[in-house]
Structures are given as C-alpha cells and as structure tokens.
Amino acid sequence: MPPSSNDLSNAGPMAALEDDRLAVSSASRFRVSAASDPSQTATLVEEEQYLARDAAGHAVMASRGIERIPFAPVPRKDDHGSTKTSGTYIRRIIVFGLLSAALFGIIWWFLNDPTGDLTRWFGRAPTLSASGLLVYSSIVALILFLMVLLMRYFGLLVLSYLNTAKYTAETQEEAVFQPRISIIVPAYNEGKLIRNTIQSLLQQDYPEYEIIVVDDGSTDETRAVAREMVGSYPKPGGRVEVKLVEKTNGGKSTALNAGIQVCSSDFVLNVDGDSQLSPNTLRRTIRHFADPRVGAVAGNVKVVNRTNLVTNLQALEYVEGLNMARSAQSIIRLVNIIPGPLGLFRKQAILDVDWYSSDTYAEDCDVTLKIIRRGWRVEYEPDAISYTEAPDKWLDLLKQRYRWTRGIIQAVRKHKDMFFNPTINFGGTVVMWSMAFESLVWPVMNVFANVYFVVIALVFGLNNYLVFWWVMLTILDMISALYCVAVEKEQGSLVFYSIFYRLFFLLIIDVCKTFALIEEFLGVGMTWGKLERIGTPAANVPVRT
C-alpha cells in the first residue's frame, strides 16, 4: 500500500506538528482504562500516521502500514434479571393464581348475589344470565376496544403528520454544522455482509468521518474481511479511515463501548453489521445536533430483502408500525428507542449515562431511556435510511421478536422508578407509560380481544359484529398504510399487504409478545439469538489506494 497523505501546509507547520501530537496522544489515550475487565481484551488495528514532507516541502500526514494498539475495554455489566430462584417462580405462580381466583369470584358474586346486596341496591334480584352477561359485555368490550384502537391510530397519524409538516417546512442549511463523525460497526459473524456494509459507509456524502469495525470474537470470516478493508480511502475533499477493533466475545454492548472508547469524534453513528445506509445519512442526521440539547437521533430503518410474504409484511410493519410511531414521538422530541441499525449520538450523552449496559437484551432501548432520563432530547430523521435484512422465515422472526420484547420489558423494569416520579424527568415518565402500554398491555389486549370476540361470535351468533370489526380494522390499516407509503415514497404494493397485516401478521407477533411477557414475568432464562444472514450485493464499490 503506497503512503497516503493529507496536505497540512495551509494550516502552517506548527498546526501540522500539533496535529501529529494529537494523533499520538489519541492513540495512547485509550490504552489504559480506569476500570478493566479481565475477561475482555481488545486491539485497535489502523494505519499508522506520521508527519512527513512532500517533494515541494509541504507538511503532510502520511501512512506507512498497519499498527496494532492493545487497550483495556470498558467493563461489561452483566446484571441480567433472568437468573431466578425456585422461590421466584412459586411467588409469581401464587400471584397469578390469586388474581385469577379474585376475578372469577367477582364474576360469580355478580351472577348469584349470595349476600343479597345487589337486590337491596337495585331493588330487585339480578336477572342477567351468564350468557346474557357475556353477550352484552362482549358488545361493550368490542366498542371500547375499537375506540382505544382508533384513538391510538389517529393519535399517531396526527402527531406524525404534524412532525412531517414541521420537517418539510424546515429550511436549515445542512452545510452549516458538519463536525467529524465516527461510525461504529459492531459485528459478530457478519462475514456475508460486512464488506457490503463498509462499502456503503464509504459512499457517504460527508467531508470528514472514520469507520471503526468492532469484531466481537467472530468465528467466521468477519475479522479477515474487515482486516482487508482497513486503510485510508480517498474522497472528494478528504479521506476516510477504516479501522478495526479485535476483541474477545462479550456481546453487542461491549463492542459498541469498545468502538466509542477509541473513536476520535464527538459524534458517534452506531449501525449494525448488516446496515447499508443511504449516501446522505450523515448530512441529514448531524444537522439536528446544531441544537445542543439533542443527545441522539434515530434513523429510518427499512427492509432490504423483500422476497416473500414474511419480509414484505415486515417491510410494511417498519414503515407503518415503527417509523410512523418514531415520527409521532419526534414532535415532542422523545423517541423512545434508537434503532440498532441506525442511531447518531452525541458522545457526551453516552458518557453521561455511563456507556452501554449489558443487563438487558435490548441495549438500544436501555441506552435511549437513560439518555432521556438525563434530560437529553431524542429526535427522528426520516431521510437517514438504513437498509437491513429482516428474517425471511416465521421461526426466525418469532425468535427475533421474542428477544426484542423481553429486552424492552427488562429496560422498562430497569427504569420503573420513572413511572411514578416525574421529577426525575417528566418526558421520561410519559415515555415509560407509553412503552408500558405498547409492550405490556396492548399485545395481551389484542390477543385476548381476537380470541374472545371470535368465540363469542361463534357461540352466540354475533357474526355481523365480527365482520364489522374485521372490516373496520382492515380499513384503518389501509388508511395508515396509504399515508405512510405516500410520506416515505415507498412501494405502493405494500398497501396490499395491509389486508393481512393486523388480523394475521400482528396477531402472530402479539401472541409471541404475550408469551415473552409471561416468561419474563416468571423469570425464565433466555440467550441471545443470531439471525442467519442471506447476503446482499453492494454496488459502486470505492477503490482504496
């Protein structure tokens, strides 16, 4: 590899020497950590930079081969709440039993009036039979369920529209604020996709940034492929350095922490090992940080492998179910989850919350809640797009959503003190109640409503109400799909999948979430799952010099 250089002569020789001293100090800054984890070792692999002069006598920064720098990673935090004793199971089973017995007791008392209290209160004995009670309560429950659903959907639609209108009206010039950015790519067994990911990152339309790939003890060709990509790449107006951190396996949170620990920027873009970004991602996301109160910005995640029913339904879900919600939350600057495939952070915000933690299976949700807790704003950027591979088989999808659900529940439980203490952060309290409804209440309510209404309709002949219910939900989903597809300029064919979206896809997902909720409450152990990658070809490959 021939030496590469950046001309520093315009800044003067003293500036060049100062730049060289800063490069040396930054290389040694992360070798010693205030607290180390003996189970974790890491090495930074990068091109060695040195001060030189060209033929005209100008001071330049040149590179001469690969340098390996060992350092002590930030300690891992492993206080998972999934390790339970037999007493935990017994207590929770007793709680479930007592609540169920109390519910059945209340129903029996209303039907039989054993003490005569109902007769004295109402002047006559109760005449409503069990079947009558079920019929009338089912109609009331159906109406209430539809009202809650309509309020939820139209609330999200209105807030999302307001944020889109505000976003469209903004005319802030992107070029005003363009600081250096570090892109962190944690990777574990991403050999099929890591080259494509790095190549897409090299195509960013941004003047100054670096790419740090963190290999978290992969057992495939990830590390070898990443080593081949280490180096300096030319870009209009500058160069991009690709670096590699090699470390023992410790989980995604430790990989992110190691990358942030060695980065040289005040702004950190965290992506997944399979993420492929739109070229304007850095320009569109960094402009939010002109506001010093913004701590993080969530990107727009889309499914790239739309090859069958499973992946197309997920593509609709990402557009309608996830991105619309983030857009609605962004109007109040309280996006509750920065997605793993694309999230830009102010590094100070991550340091303020003591790095990423390993005590949940949803480190992205946990770190977002911690950032909100500390008073930082969290926004959403719809034009910063990350294309990611989604599970293409039902079993893989359910495994993924099971882990997501339990991780979110763990994060919610971890920050449960914000539920009833708005003095910590009022916005955080709002976010917590919203997340509790979405992750704890709504999935169970949706599953119960579907099963309950179908059974009641079949037993008592309320087929007309059931058809009305299904038609209402389908129309609602089609309206939402049309709006989201139009706003995001998505494929119009996704609207077709809204016919199956709620009464088929979401029901299956909510059943999975319900089981995850029960098992998390009972303390059943779980492990990380690894999605088998397919591999997506990349275009416009940059050439390294």
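Heads up: these notes are all about the structure in this document. (Residues numbered from 1 in each chain as written. Predicted model: local features only at pLDDT ≥ 70, side-chain atom pairs only at ≥ 80, totals over all residues. Heavy atoms only, no water.)

1. Quick look at the pattern of salt bridges
Argument step 1. Following the criterion strictly, the structure yields 24 salt bridges and no others.
Argument step 2. Of the charged contacts in the structure, one is a salt bridge between R293 and D291, with a shortest N-O distance of 3.1 Å.
Argument step 3. Given a relative accessible area of 47%, R293 falls into the partly exposed group.
Argument step 4. D291 is the salt-bridge partner of R377, the closest N and O atoms lying 3.3 Å from each other. (Salt bridge = Lys/Arg side-chain N within 4 Å of Asp/Glu carboxyl O. Buried < 20%, exposed > 50% of the residue type's maximum accessible area, 1.4 Å probe, protein only.)

2. Focus on the pairing of strand β4 (residues 181-187)
Argument step 1. Burial of β4 is extensive: seven of the seven residues sit out of reach of the surface.
Argument step 2. Every second residue of β4 is oriented toward a common face, with I181, I183, V185 and A187 on one face and S182, I184 and P186 on the other, all of them buried.
Argument step 3. Inspection of the sheet shows β4 paired to strand β5 (residues 209-216) by seven bridges, in the parallel sense. Looking at the pairing, A187 lines up with D215 of β5.
Argument step 4. For the crossover that starts at β4, traverses helix α5 (residues 194-202) and ends in the parallel β5, the hand is right-handed.
Argument step 5. Sheet topology note: the β4/strand β8 (residues 267-270) ladder contains four bridges and is parallel. Of the residues in β8, the one forming a bridge with I184 is N270. (Helix = DSSP H or I, 4+ residues; strand = E, 2+ residues; numbered from the N terminus. Pairing = 2+ DSSP bridges. Right-handed = clockwise from strand over helix to strand, strands pointing away.)

3. Quick look at helix α11 (residues 363-373)
Note that an α-helix has 3.6 residues per turn; residues three or four places apart therefore point the same way.
Argument step 1. With ten of eleven residues buried, α11 lies mostly within the body of the structure.
Argument step 2. Among all positions in α11, only E363, D364, C365, D366, V367, T368, L369, K370, I371 and I372 are buried.
Argument step 3. Looking one or two residues beyond α11, the residue adopting positive phi is G375, at roughly 95°.

4. A closer look at the nonpolar core
Argument step 1. Ranked by internal contacts, the top residues of the largest apolar core, which has 45 residues, are I184, V245, F345, C365, I371 and M435.
Argument step 2. If you look at the next biggest cluster of nonpolar residues, it comprises 39 residues, including L316, M324, A449 and L473. (Core = buried A, V, L, I, M, F, W, Y, C linked by side-chain atoms within 4.5 Å.)

5. Things to note about the packing of helix α12 (residues 394-414) against helix α15 (residues 498-522)
Argument step 1. Where α12 meets α15, the closest approach of the two axes is 9 Å, and the angle between their N-to-C directions is 50°. In terms of their interaxial angle, α12 and α15 are classed as oblique. Here the hand of the crossing between α12 and α15 comes out right-handed. Residues W394, L397, L398, R401, Y402, T405, R406, I409, Q410 and R413 of α12 form the contact with α15, whose participating residues are F504, F505, I508, I509, C512, K513, A516, L517, E519 and E520.
Argument step 2. Across the contact of α12 with α15, the residue classes tally to twelve nonpolar, two polar and six charged. (Axes fitted to C-alpha atoms, helices over the stretch in contact; angles between N-to-C directions. Parallel < 35°, antiparallel > 145°, perpendicular 65-115°, else oblique. Left-handed = near helix turned anticlockwise from the far one by under 90°. Contact = heavy atoms within 4.5 Å. Nonpolar A, V, L, I, M, F, W, Y, C, P; charged D, E, K, R; others polar.)

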